[in-house]
Structure formats: structure tokens, C-alpha cells
Amino acid sequence: MKFKLFSRSAPTPPLSVDQAIWEIHSQYRRHNRWNILANMLRAIGVLLFPLAFIVLSMNGGNWPWSSSEESKAHTAFVNVRGEIAAGSLADSDRLIPAIQKAFKNEHSKAIIIKINSPGGSPVPSGRIHDEILVQRAKFPEKKVYAVIDDIGASGGYYIAVSANEIYADRASLVGSIGVISSTFGFTGLMDKLGIERRAITAGEHKALLDPFSPLSPEIKKFWEALLAQTNEQFVSRVKTGRGDRLQDDPKIFSGLIWNGEQAKNLGLIDGLGSMEQVASDVIGVSKLVDYTPSEDFFKRMSQRAKVEARALLSNALPSLR
């Protein structure tokens, strides 16, 4: 008995049973090899994806080859973006290692702190400010330039005054030097609704600034003194950082905010310009390398939730904004 295999090509001679079986077996083997190869590639992909994720996480989210630019002469920059608070993009725990790395690299000729922040907590703001001064003392040959983008107010400006020079755009918002603590009082509403507040404490002032209890003159005076001292710390660092460049105008420390041109006239900044202009025209090294830690999406989402919860529940805390 003879079998004939049909195809679109020219007719072929009939095959014997053994030849037909061999041909079918060969085609099956070729098809099976492709399946095996495809499965191997899929398996390799499944293994490499978590490995790449781990490598990127350990590398601060940067690609392994992204540091190649750091081996050439460049201007380093670190972004201070958004609210300055624990768990935010501008958290001091997140930015201080990046600032240290930027100073330590022998190929970085200067450091730019790019600021786009309305302010935040005085603690991380002060920590970043102080760390920049520490690094300036360690590497006196490297100057630091703060460049304000849309806004560099309150805690953002607190950080800016640690730089050798400050630049901003004409329309940037600069200043807001002061401290604020805000909360609400619901005692009148509770009286109308017949709601009784029951707060049991083991300390006379443990329920300090409780929005459901009346604010006594004694506590108000105490809190104002605390804010005044925190504000004096802020003012002192501004005066130290800006020195004789500041104009003798009491409005500077009133909490007001100015645009870039007004800020320059008041001595709050040294000039007008973007980060690229400062790198090229002031520093003389136009090549920019970003040292800002990359953002881990899942970690960022959980941290953002913490920041929002903190902002909702702790508005009474002193804030530089």
C-alpha cells in the first residue's frame, strides 16, 4: 500500500508506509522542538522578571547602566518635589543619601538642588538643610545652587538657603517664611447636638489641642510660644544663609510670598534662571546627571496613603508652609 502527501508545491512521488511514518515523525519532532523552545523562553522570562525587579529595587529604581554618565564631568542635581514630610518624595531619609552621593562623586563639579515644594514639616526640611551644609564643609570645592521651579516656599525655601546661591524663574513663588499650626474646634456644634466629650487622660495637658474641647488661654499662649521658637529657628537659618544679601525689610519674615523678580529685589534669591541655564552659564558644566532616587510605584502608593492620613489627623503640628 502506498500513501501520497499533498502540498501546494509540485507533485511528489508517492511515499511508502515507512517513509510516510518517518516524515510525520520528523514534522512532529520539529514542531515539538519549537514548542520546547517557546516554553523555555517563557520560563526564562518568568524567572528574569522578578530578578530584574529585585535588582532595580536594590539600585534605587535606576537601570544598571544609568550610572555610566556619573563617570564623566557633570553637574549633579537632586529634586525636592512636593510636600516635605515623612514618606513623601521629599522625605529627608530618601533625599539625604542622594545628596551625599552627589557630593562624593569626584566627577560632579557642582550640585543643584532643584526645588518645587510649598513646604511641609520643619524636621525633614531642617535635616536636608543641615546635611547640605555638612557636605559643603566636607567638599568646599563644590558649590551648591538651589533652583526654584514653580514654588520654593516655607520648608522649600528653608532648604534653599543652605545653598551658596539661589535662582528662580520670574514667575516662581518664593518666601512664605513662617510657621503655621491649624486645627478645628467643634465645641459649639457639640453643644447644639447634645454631644458629650469623654476624654480620659493621665496628664493635665495630654489632650492638648483636642478639637472637641475648648481652647484655654493658657494652652493658646503655650502653643504660640512653641511656634514662635520654631519660627525663630527658621528665620535664623535664613539670615545665616543669605547674610548681607537680604534687604532690611520686616515683611520678609511676615509669611508673605513673592514672585522671582520681587524675591531678587529683596535678596531672597541671587538671580533668575532655570536649572539648565545655571549649569551652563554659572557652573560652566552643562551636562546634568539626576541623583534623585527613582520612585517605587507600590511603595510610593503606600507611603502616599500614610502622608495623607498624617495630614488629615495631624494638622495641628507645626508646619513650614
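All figures in this text were calculated on a predicted structure; none of them were measured in a lab.

**Focus: the overall build of the protein chain**
Link 1 in the chain: Helices and strands together make up the secondary structure of the protein chain, namely 9 helices and 10 strands.
Link 2 in the chain: Counting over 321 residues, the protein chain shows a buried share of 36%.
Link 3 in the chain: By sequence separation, contacts in the protein chain at least 24 residues apart represent 73% of the contacts at least 6 residues apart.
Link 4 in the chain: Counting only carbon and sulfur atoms, one obtains 59% of the accessible surface of the protein chain, whose full area is about 19700 Å².

**Describing the nonpolar core**
Link 1 in the chain: Within the largest apolar cluster, 40 residues are counted, with the highest numbers of intra-cluster contacts made by Ile113, Tyr157 and Leu268.
Link 2 in the chain: No other element matches helix H2 (residues 92–104), which puts 5 residues into this core.
Link 3 in the chain: Excluding residues that lie within four positions of it along the chain, Ile113 makes contacts with Val78, Val80, Ile99, Ile132, Val144, Tyr145, Ala146, Val147 and Ile159.

**Quick notes on a nonpolar patch on the surface**
Link 1 in the chain: Together, Phe184, Phe186, Leu189, Leu193, Ile195 and Phe212 line one region of the surface with nonpolar side chains, adding up to about 600 Å² of accessible area.
Link 2 in the chain: Inspection of the secondary structure puts Leu193 in helix H5 (residues 187–193).
Link 3 in the chain: Residue Leu193 is classed as exposed on the basis of its relative accessible area, which comes to 57%.

**A few points about the layout of surface pockets**
Link 1 in the chain: In this structure, the second largest pocket spans a volume of roughly 320 Å³.
Link 2 in the chain: Taken together, 21 residues line the second largest pocket, and the ones lying closest to its centre are Thr183, Leu209, Asp210, Leu215 and Ile219.
Link 3 in the chain: Considering only residue class, the lining of the second largest pocket consists of 10 nonpolar, 7 polar and 4 charged.

**Re the pattern of salt bridges**
Link 1 in the chain: The final tally for this structure, using the stated rule, is 7 salt bridges.
Link 2 in the chain: Close ionic contact of Arg170 with Glu261 constitutes a salt bridge, the shortest N to O distance being 3.4 Å. Taken together, the residues span a long stretch of sequence, with Arg170 in the loop between strand E6 (165–168) and strand E7 (173–175) and Glu261 in helix H7 (residues 260–266) at a distance of 91 residues.
Link 3 in the chain: Given the relative accessible area of 52%, Arg170 is considered exposed.
Link 4 in the chain: Given the relative accessible area of 41%, Glu261 is considered partly exposed.
Link 5 in the chain: Arg198 is the partner of Glu196 in a salt bridge, and the nearest nitrogen-oxygen pair spans 3.5 Å. Side by side, Glu196 and Arg198 carry an identical accessibility label, which is exposed.
Link 6 in the chain: When salt bridges that share partners are traced, they join Arg242, Arg245 and Asp270 into one network.

**Quick notes on the side chain of Ser92**
Link 1 in the chain: Along the chain, Ser92 turns up in helix H2.
Link 2 in the chain: Its relative accessible area of 3% is what places Ser92 among the buried residues.
Link 3 in the chain: Once residues lying within four places of it in the same chain are set aside, the contact partners of Ser92 are Pro97, Pro124, Arg127 and Ile128.

**Topic: the side chain of Lys142**
Link 1 in the chain: Within the secondary structure layout, Lys142 lies in the loop between helix H3 (122–138) and strand E5 (143–153).
Link 2 in the chain: Among buried Asp, Glu, Lys and Arg side chains, Lys142 stands out as unpaired, with Glu141 the closest opposite charge at 5.1 Å.
Link 3 in the chain: A distance of 2.6 Å separates a polar side-chain atom of Lys142 from the backbone oxygen of Phe103.
Link 4 in the chain: Apart from residues no more than four positions distant in its own chain, Lys142 is found in contact with Ala102, Phe103, Lys104, Asn105, Glu106, Ser108, Lys109 and Ile111.

**Digging into the pairing of strand E3 (residues 74–81)**
Link 1 in the chain: E3 sits mainly inside the fold: 7 of its 8 residues count as buried.
Link 2 in the chain: Inspection of the sheet shows E3 paired to strand E4 (residues 108–117) by 8 bridges, in the parallel sense. Across the sheet, His74 pairs through a bridge with Ser108, a residue of E4.
Link 3 in the chain: In terms of handedness, the path from E3 via H2 over to E4 forms a crossover that is right-handed.

**Examining the confidence of the model for the protein chain**
Link 1 in the chain: With 71% of its residues at a pLDDT of at least 70, the protein chain reaches an overall mean of 82.
Link 2 in the chain: Contacts for the low-pLDDT stretch residues 1–7, under 50 throughout, to residues beyond four places or in other chains number 12 contacts.
Link 3 in the chain: This model gives residues 60–66 a pLDDT under 50, and the stretch forms 10 contacts once residues within four places in sequence are excluded.

**Notes on the environment of Ser121**
Link 1 in the chain: Considering the arrangement of structural elements, one finds Ser121 in the loop between E4 and H3.
Link 2 in the chain: Separated by 33 residues in the primary sequence, Ser121 and Ser154 have C-alpha atoms spaced 9.5 Å apart.
Link 3 in the chain: Here Val123 takes part through its backbone nitrogen, which lies 3.3 Å from a polar atom of the side chain of Ser121.

**Comments concerning the packing of H2 against H3**
Describing two packed helices takes the angle between their axes plus the distance from one axis to the other.
Link 1 in the chain: The contact between H2 and H3 brings their axes to 10 Å, and the two run at 15 degrees. It follows from the interaxial angle that H2 and H3 lie roughly parallel. For the pair H2 and H3, the sense of crossing is right-handed. Across the interface between the two elements, Ser92, Asp93, Leu95, Ile96, Ile99, Gln100 and Phe103 of H2 pack against Pro124, Arg127, Ile128, Glu131, Ile132, Gln135 and Arg136 of H3.
Link 2 in the chain: Taken together, the residues that form the contact of H2 with H3 break down as 7 nonpolar, 3 polar and 4 charged.

What counts, and at which threshold
- Residues numbered from 1 in each chain as written.
- Predicted model: local features only at pLDDT ≥ 70, side-chain atom pairs only at ≥ 80, totals over all residues.
- Heavy atoms only, no water.
- Helix = DSSP H or I, 4+ residues; strand = E, 2+ residues; numbered from the N terminus.
- Buried < 20%, exposed > 50% of the residue type's maximum accessible area, 1.4 Å probe, protein only.
- Contact = heavy atoms within 4.5 Å.
- Areas by Shrake-Rupley, 256 points an atom, 1.4 Å probe, with all protein chains shown as cover.
- Core = buried A, V, L, I, M, F, W, Y, C linked by side-chain atoms within 4.5 Å.
- Patch = residues over 30% accessible without salt bridge, like charges linked within 9 Å, V, L, I, M, F, W, Y side chains within 5 Å.
- Salt bridge = Lys/Arg side-chain N within 4 Å of Asp/Glu carboxyl O.
- 1 Å grid on protein atoms, 1.4 Å probe; cavity = no way out; pocket = protein on both sides within 12 Å on 5 of 7 lines; lining within 4 Å.
- Points joined across faces, edges and corners; volume = space filled by probe spheres on them.
- Nonpolar A, V, L, I, M, F, W, Y, C, P; charged D, E, K, R; others polar.
- Lys, Arg positive; Asp, Glu negative; His and termini not counted.
- Polar contact = N/O pair within 3.5 Å; in protein donor to acceptor, adjacent residues only side chain to side chain.
- Pairing = 2+ DSSP bridges.
- Right-handed = clockwise from strand over helix to strand, strands pointing away.
- pLDDT = per-residue confidence, 0-100.
- Axes fitted to C-alpha atoms, helices over the stretch in contact; angles between N-to-C directions.
- Parallel < 35°, antiparallel > 145°, perpendicular 65-115°, else oblique.
- Left-handed = near helix turned anticlockwise from the far one by under 90°.

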